[in-house]
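Residue-level listing of the chains:
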Amino acid sequence: MWIRALLPPTITLEAGMDSVARMRNIVRSYAPVRTVVSEQGRGEDATDPDGSFVAEFFVPLKPQEEWPRD
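Residues numbered from 1 in each chain as written. Predicted model: local features only at pLDDT ≥ 70, side-chain atom pairs only at ≥ 80, totals over all residues. Heavy atoms only, no water.

1. A few points about the overall build of the protein
- Within the protein, the secondary structure is distributed over one helix and three strands.
- Each helix (α) and strand (β) of the protein, taken in turn from the N terminus, gives the series β-α-β-β.
- The C-alpha radius of gyration of the protein comes to 14 Å, more than 25% above the 11 Å expected for a compact globule of 70 residues.
- Principal-axis analysis of the C-alpha atoms gives the protein an extent of 40 × 20 × 15 Å.
- The long-range share in the protein, meaning contacts at least 24 apart out of those at least 6 apart in sequence, stands at 60%. (Helix = DSSP H or I, 4+ residues; strand = E, 2+ residues; numbered from the N terminus. Rg over C-alpha atoms; globule rule 2.2 N^0.38 Å. Contact = heavy atoms within 4.5 Å.)

2. Description of the packing of aromatic side chains
- One pass over the structure, following the stated rule, counts one aromatic pair.
- Considering the side-chain rings of W2 and F58, the 5.1 Å spacing of their centres and the 45° angle between planes classify their relative orientation as tilted. Linking W2 in strand β1 (residues 2-6) with F58 in strand β3 (residues 54-58), this pair joins segments that are 56 residues apart in sequence.
- Residue W2 is classed as exposed on the basis of its relative accessible area of 63%. (Phe/Tyr/Trp six-rings, centres within 6.5 Å; stacked < 30°, edge-to-face > 60°. Buried < 20%, exposed > 50% of the residue type's maximum accessible area, 1.4 Å probe, protein only.)

3. Here's the deal with the confidence of the model for the protein
- Looking at the protein as a whole, the pLDDT averages 89, with 91% of positions reaching at least 70.
- Averaged over each element, pLDDT in the protein is lowest for strand β2 (residues 37-40) (92) and highest for β1 (95). (pLDDT = per-residue confidence, 0-100.)

4. A short note on a nonpolar patch on the surface
- On the surface, W2, V37 and F58 cluster together into a nonpolar patch covering about 340 Å² of accessible area.
- Given the relative accessible area of 35%, F58 is considered partly exposed. (Patch = residues over 30% accessible without salt bridge, like charges linked within 9 Å, V, L, I, M, F, W, Y side chains within 5 Å. Areas by Shrake-Rupley, 256 points an atom, 1.4 Å probe, with all protein chains shown as cover. Salt bridge = Lys/Arg side-chain N within 4 Å of Asp/Glu carboxyl O.)

Now the structure itself:
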């Protein structure tokens, strides 16, 4: 699963790090989630037009047989 979050457009990379960490912890708290990998801002090669206000999360899920029944 991919999740894309938009922070306030004026946020700095450093200021967004706490928000991204909180979002990562919330997503990770769900039982079907295997892990969470996040990225904030653009890559070093500057080919991505997004600014530091964009965060993306890669969320691989466990096999459905391992999900809680409730």
